[in-house]
Amino acid sequence: MRSAFYLAFVVFYLTAILIFAVYLRGANKRMFYMLCTYKAEQSQLKQELWQKQLQLESLINPAAISQRLDH
């Protein structure tokens, strides 16, 4: 009787560990996907900022200002 209880306990314990491991693996995949998504969004925002910076520099460039004043 005692060995049957011990066996049931071990099976339950191992099953719980395996379920938890599957949960952690799924959580890891979700976090990795979110990280990749955020990195892609950050890269896109950096590129947009770079474009805006180039536009601003072309507007405040002394040669461009004098050219606009001449016209």
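Here is a short report on the structure shown in this document. (Residues numbered from 1 in each chain as written. Predicted model: local features only at pLDDT ≥ 70, side-chain atom pairs only at ≥ 80, totals over all residues. Heavy atoms only, no water.)

## Quick word on the overall build of the protein chain
- Looking only at helices and strands, the protein chain has 2 helices and 0 strands in total.
- Against the 2.2 N^0.38 benchmark of 11 Å for 71 residues, the protein chain shows a C-alpha radius of gyration of 30 Å, more extended than a compact globule.
- Viewed in the frame of its principal axes, the protein chain has a C-alpha envelope of about 100 × 10 × 10 Å.
- When the accessible surface of the protein chain is split by element, carbon and sulfur atoms take 69% of a total near 7,200 Å².
- Computed over 8 positive and 4 negative side-chain charges, the inter-centroid distance for the protein chain is 28 Å. (Helix = DSSP H or I, 4+ residues; strand = E, 2+ residues; numbered from the N terminus. Rg over C-alpha atoms; globule rule 2.2 N^0.38 Å. Areas by Shrake-Rupley, 256 points an atom, 1.4 Å probe, with all protein chains shown as cover. Lys, Arg positive; Asp, Glu negative; His and termini not counted. Charge placed at Lys NZ, Arg CZ, Asp CG, Glu CD.)

## Regarding the environment of Arg 25
- Positionally, Arg 25 belongs in helix H1 (residues 2-60).
- Once the C-alpha coordinates of Arg 25 and Trp 50 are considered, the two residues, 25 residues apart in sequence, prove to be 37 Å apart.

## Some thoughts on a nonpolar patch on the surface
- Together, Leu 56, Leu 59, Ile 60, Ile 65 and Leu 69 give the surface a local cluster of nonpolar side chains, amounting to about 510 Å² of exposed area.
- Residue assignment for the nonpolar patch shows that the elements contributing at least two residues are H1 and helix H2 (62-70).
- Ranked by residue count, the leading element in the nonpolar patch is H1, at 3 residues.
- When you line up the elements, Ile 60 lands in helix H1. (Patch = residues over 30% accessible without salt bridge, like charges linked within 9 Å, V, L, I, M, F, W, Y side chains within 5 Å. Salt bridge = Lys/Arg side-chain N within 4 Å of Asp/Glu carboxyl O.)

## Observations regarding the environment of Gln 44
- Within the element layout of this structure, Gln 44 appears in helix H1.
- Taking C-alpha positions, Gln 44 is 41 Å from Ile 17, a pair spaced 27 residues apart along the chain.

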